[in-house]
Amino acid sequence: MNAAFWRTCDTDDDIEITINNQLYSNVWGSVYVFLSKDDKKIITDFDQAYNLVFGNFSKDGIYYKDEYRHHTMLEHLPMLPITLHLKKSQSRANLTYISFSRDENTINIPLNETGCPNEIIGFGVNLRCNSYYEWLFSNYINIYVDLNNQIPIDYLCDIHKDWHCNTYNHFIDFSIETENEINKLGYRLIDYIKKMIDNDKYVETMINDCIHLKSEEQVYYHQNLIYGYDDENLNFSMLYYYKGKVMAVNMSYIDFLSDRNKLMNRKLYIYKYNPAYEYYEIQPSHIVQIFEEYRDSINISYYESTYHDENIRFGINGLKSFLSDIGREKLLTDIRVSYLLSERSKCNYDRVEYLYQKQLISDEYYKLAIQLSKQICNITLLIRNLILKRISGGRYNDEIIERYFVEYITYEVDFTDAIICGLKKKPV
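Colleague: Which parts of the structure should I look at to understand the sheet that holds strand β10 (residues 119–126)?
Modeller: Where strands meet in a sheet, backbone hydrogen bonds hold them as pairs that are either parallel or antiparallel. One open sheet accounts for six strands, arranged β1-β10-β3-β4-β5-β6; its pairing is antiparallel. Two strands lie at the open edges of the sheet, namely β1 (2–8) and β6 (72–76), each paired on one side alone. Between one strand and the next, the sheet's axes are offset by a mean angle of 15°, whatever the strand orientation. With six bridges connecting them, strand β4 (residues 52–57) and strand β5 (residues 61–66) associate as antiparallel partners. Opposite F54, over in β5, you have Y64 as the bridge partner.

Colleague: Help me out: how do you make sense of the pattern of salt bridges in this one?
Modeller: Pairs can form between side chains of opposite charge once their charged atoms are near each other. Counted by the stated rule, this structure contains 18 salt bridges. Here R336 makes a salt bridge to D334, at a shortest N to O gap of 2.8 Å. On the basis of relative accessibility, which here comes to 36%, the residue R336 falls in the partly exposed class. Residue classification places D334 among the buried positions, given a relative accessible area of 12%. Salt bridges linked by common partners bring K37, K88 and E119 together as one network.

Colleague: I tried to follow the sheet that holds strand β7 (residues 82–88) on my own but got confused; where do I start?
Modeller: Spatial ordering of the open sheet is given by β2-β7-β8-β9, a layout of four strands whose pairing is antiparallel. Only two strands of the sheet have a single partner each, and these edge strands are β2 (13–19) and β9 (104–110). Within this sheet the neighbouring strands show an average axis-to-axis angle of 15°, counted without direction. Taken together, the seven bridges between β2 and β7 define a ladder with antiparallel strand orientation. Across the sheet, the residue bridging to D14 is K87, located in β7.

Colleague: Before we go on, may I ask you to explain helix α3 (residues 189–198) in this structure?
Modeller: For an α-helix, the turn length of 3.6 residues means that residues three or four places apart are oriented alike. The buried fraction of α3 amounts to seven of the 10 residues, a majority that puts the element mostly inside the structure. Among all positions of α3, only L189, I190, Y192, I193, K194, M196 and I197 are buried. Looking one or two places after α3, you find D200, whose phi comes out positive at around 60°.

Colleague: Mind showing me how you'd approach the environment of L95 here?
Modeller: In this fold, L95 is placed in strand β8 (residues 92–98). When the C-alpha atoms of L95 and G55 are compared, they prove to be 9.9 Å apart, with 40 residues separating the residues in sequence.

Colleague: Got a minute to help me understand the packing of helix α8 (residues 325–333) against helix α10 (residues 363–391) in this structure?
Modeller: Packed helix pairs are characterised by how far apart their axes lie and by the angle those axes make with each other. Relative orientation of the contacting elements α8 and α10 amounts to 80°, with a least axis distance of 8 Å. One way to sum up the angle between α8 and α10 is to call them roughly perpendicular. Facing L331, L332 and T333 of α8, the residues of α10 in contact are I387, R390 and I391. Considering only residue class, the contact of α8 with α10 consists of four nonpolar, one polar and one charged.

Cut-offs and rules
Residues numbered from 1 in each chain as written. Predicted model: local features only at pLDDT ≥ 70, side-chain atom pairs only at ≥ 80, totals over all residues. Heavy atoms only, no water. Pairing = 2+ DSSP bridges. Helix = DSSP H or I, 4+ residues; strand = E, 2+ residues; numbered from the N terminus. Axes fitted to C-alpha atoms, helices over the stretch in contact; angles between N-to-C directions. Salt bridge = Lys/Arg side-chain N within 4 Å of Asp/Glu carboxyl O. Buried < 20%, exposed > 50% of the residue type's maximum accessible area, 1.4 Å probe, protein only. Parallel < 35°, antiparallel > 145°, perpendicular 65-115°, else oblique. Contact = heavy atoms within 4.5 Å. Nonpolar A, V, L, I, M, F, W, Y, C, P; charged D, E, K, R; others polar.

This is the structure in structure tokens:
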């Protein structure tokens, strides 16, 4: 995801680019213009290749950096489009930028005249690796099963507090505000939510989903994510769960404030996408460890005292618990179980491809793991669809679903062994 375009630079020269759109791959993702010496072996190395860089970071905004100092910020998160103009003379460089506001700003930078006299001038795109995939494929491996819990299955990587998984991670910051606290700040609830959205934040709160379903009699509160609003039509844009799937819906301000949606001192969970500056790098030894814990049905890496009683089953043993009488009932009636297993199988398929493309797993074990992963994806999708058909009142056969589930566990054991062996036996 890195590229550079350049030509020989004259004594007096200039270059100008306009950035209309920029992919937020990670916080250090940058589009820029540059000056450099023509003796550089790698012209896309952002940290070493350039004598002067003038560009826009995904997270921080417009900056410049010469060969002796760290980047200097010039404007925080300007609105696109941004025009960057680098004008060079023998001893100085003029850096001019114009953002959406159309205000023109110029600074002068003295140039170092020592070293190789032959220079190049150009522009570059340095998006590096997307940290999301490094993080995603380092997680969502092990699972825990508690057949006595309202949520019988979940991933073993999200730490709980107050029995919820609302937490900080590499990408997300969050805070909790109550309606009483918001009122004390002088805001009405709807106005506060709109302010959060205006500041590029999301709001999660409990909503009576029966309002979405046009069910007048029932009341069922569940988490909804508010991601937009429309003052012309007087409604919020939301995401909510319906039969285990995420659905989009618009809710009017009137319904939101109605007695049917009333909660005592409602809590708002405020989320902001804010990736960390530290680079998140996938570690094969860590992935091996978690897959071994999954295979051996143990949990060492994510200890939580509340989730370690005698009812908890981890990994493969957790899957086998769905073959018990109470487990079979959970599997066949709670669609979230088969949805999670189908989602996890797709994640594992992508994980194997990613590890192989990064040359972290050998050809031999890649071929075995990807073939097993395809079979697991197919069988978990089949199980999920059969259970959906059963819940929807269609014709079904519980024995067939159970037989597929036993086959799925066998594939899981073989796949887990393959990915562990593949990561331990590094490619030649």
